[in-house]
Amino acid sequence: MGPTHDVRTVPLPTGEHVPVLGQGTWGWAQDPARRGSEKQSLLLGLDLGMTLVDTAEMYGQGAAEELIGETLAARRDEAFLVTKVLPYNADRVETVNACERSLKRLRTDRIDLYLLHWRGSVPLEETITAFGELLRAGKIRHWGVSNFDPADLRELAGVPGGDAVATNQVLYNPARRGIEYDLLPRCQERGLPVMAYSPVEQGRLLTAPALEAVARRHRVTAAQVALAWVLRRSGVIAIPRAGRPEHVRANHAALTLTLTDDDLATLDAAFPPVRGPVPLEML
Ligand code: NAP
C-alpha cells in the first residue's frame, strides 16, 4: 500500500494498517455528466492519503468497480481496495466466481478486503470456506463482513475460520448511534475495526441544526463535524462518498478537527446516545 500521508491509520487484526478515512463509491458511474468529477475525486483522495476505496459488485451492477479499475489502472498499488459479494452470490462456488468478476472489473489481480455485503440465506460456513480458498489463492488479502449485528458476529465466531474476519462495515453517524451500545465496544475489545458507512447519512445530516451549530464554532461544515464525530472513537474507519474534489478536500481536512466536550454535549442533546440494545439499522 502506498503512503498514507498524514491520515491516521488503524490496524486490521493481521497487523496491517489502513487509513481511518477512505472513500465510498455507492451510486457512482450512473450519471455520465458526473463521471469526470468522480474520477478526479478518487485520484485526489488517493493523493491525500485516503487510499482505502470502498465499492461492491452491487453498485451500478459492476459499473462502480469498472470506474475504479479504469481510474486506478496506473496507481493500483497505492490503493487498498474493498469490494463486496452479494449475499445471493455468497455460496461456496459463486463467491469465487463473483470475486473473479470483480477482479476483472477492478483490473487487478487481488482485492485487499472482500466483504459479505449483508447476511443472506447461504450458510456462513459456505461463504467462509470460499473466502479461505480465495485467500490461499492470493485473490483476496483479507475478508470481512458488513451489516452484521452482535448475534451474527457471535455466530461467525463459531464457524471454522470465522475468527479471521478483518472488519464489520455498518451504518454509523450521529443519527444512527445504535452500535455504540454493544456492537462497537465488542469489536473494539476484539481489535476488529468497524467501518462506518453513510457517515453523513447520504447528505441528510448536512442541514442538521446541531451539526451546523458546532460547525459554526469551528468555522467548518456540518459534513466535517459529522466525520470528526464518527472518527472520535478508536477502531473506527469512515468511508464518506464524495464525488466532487472540493468535498474530498473538506473530508480530508476534517481529520484535523477535534470536537470539544461542549461540542459533544450539543450533539448528544440533538442525537441522544442509546440506552439499550437497538436492532442494527441498514441503508
Ligand atoms: P454518505 O457518504 O453519508 O453521503 C454521501 C453524500 O454526501 C453525497 O451526496 C456527497 O456529495 C455528500 N458529501 C460528502 N462529503 C461532503 C462534504 N464534505 N460536504 C458536503 N457534502 C458532502 O453516504 P453513502 O454513499 O451512503 O455512504 C458512504 C459509502 O459507504 C458508500 O458510498 C458505500 O461505499 C458505503 N456503503 C455501504 C453500505 C453497506 O451496506 N455496506 C451501505 C451504504 C453505503 P457529492 O457526491 O456531491 O460529493
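Here the structure is shown first, and the text comes after it.
Rules of the game
Residues numbered from 1 in each chain as written. Predicted model: local features only at pLDDT ≥ 70, side-chain atom pairs only at ≥ 80, totals over all residues. Heavy atoms only, no water. Helix = DSSP H or I, 4+ residues; strand = E, 2+ residues; numbered from the N terminus. Buried < 20%, exposed > 50% of the residue type's maximum accessible area, 1.4 Å probe, protein only. Contact = heavy atoms within 4.5 Å. Areas by Shrake-Rupley, 256 points an atom, 1.4 Å probe, with all protein chains shown as cover. Phe/Tyr/Trp six-rings, centres within 6.5 Å; stacked < 30°, edge-to-face > 60°. Lys NZ or Arg CZ within 6 Å of the ring centre and 35° of its normal. Near = heavy atom within 4 Å. Polar contact = N/O pair within 3.5 Å; in protein donor to acceptor, adjacent residues only side chain to side chain. Nonpolar A, V, L, I, M, F, W, Y, C, P; charged D, E, K, R; others polar. Salt bridge = Lys/Arg side-chain N within 4 Å of Asp/Glu carboxyl O.

A word on the overall build of the protein. Helix and strand content of the protein: ten helices and ten strands. Looking at the 283 residues of the protein, the share that counts as buried comes to 54%. Counting only contacts in the protein whose residues sit at least 6 apart along the sequence, the fraction spanning at least 24 positions is 77%. When the accessible area of the protein is evaluated, it comes to approximately 12,000 Å², of which 51% is carbon and sulfur surface.

Taken as a whole, this structure holds three aromatic pairs when the rule is applied. Ring plane angle 40° and centroid distance 5.2 Å describe the contact between tyrosine 172 and tryptophan 229, whose orientation is recorded as tilted. In this pair, tyrosine 172 is assigned in the loop between strand E8 (168–171) and helix H6 (183–190) and tryptophan 229 in helix H8 (residues 222–230), connecting sequence segments 57 residues apart. Of the two residues examined, tyrosine 172 and tryptophan 229, each falls in the buried class. A network of ring pairs unites the aromatic residues Tyr114, Phe131 and Trp143 as a single cluster. Across the ring face of tryptophan 229, the terminal group of arginine 232 is positioned such that the distance to the ring centre comes to 3.8 Å.

Moving on to the site of the ligand. Inspection of the region around the ligand gives 30 residues, with Asp54, Arg241, Arg244, His247 and Asn251 positioned closest. Taking glutamine 202, its side chain carries an N or O atom lying 2.9 Å from an oxygen atom of the ligand. Burial of the ligand by the surrounding chains reaches 92%, relative to a free accessible area of 900 Å². If one sorts the elements of the shell around the ligand by residue count, helix H9 (residues 245–253) sits on top with three residues. Looking at the shell around the ligand residue by residue, the class counts come to twelve nonpolar, twelve polar and six charged.

Structurally, arginine 177 is set in the loop between E8 and H6. Placed 102 residues apart in sequence, arginine 177 and arginine 75 show a C-alpha to C-alpha distance of 36 Å. At 2.7 Å, the side chain of arginine 177 and the side chain of aspartate 268 are in polar contact.

This part covers the environment of glycine 15. Note on placement: glycine 15 falls in the loop between strand E1 (9–11) and strand E2 (17–19). A relative accessible area of 42% places glycine 15 in the partly exposed class.

All right, on to the pattern of salt bridges then. A complete count under the given rule lists 23 salt bridges for this structure. We note a salt bridge from arginine 119 to aspartate 152, for which the minimum N-O separation is 3.0 Å. Note that arginine 119 is positioned in the loop between strand E6 (113–116) and helix H4 (124–136) and aspartate 152 in helix H5 (residues 150–157), a separation of 33 residues in sequence. With relative accessibility at 25%, the residue arginine 119 sits in the partly exposed group. Between arginine 217 and aspartate 263 there is a salt bridge; the shortest N-O distance is 2.7 Å. Here the residue arginine 217 occupies a position in helix H7 (residues 209–218), and aspartate 263 occupies one in helix H10 (residues 261–270), the gap between them amounting to 46 residues. Via salt bridges that share partners, Arg177, Glu180, Arg232, Arg233 and Asp268 belong to a single interconnected network.

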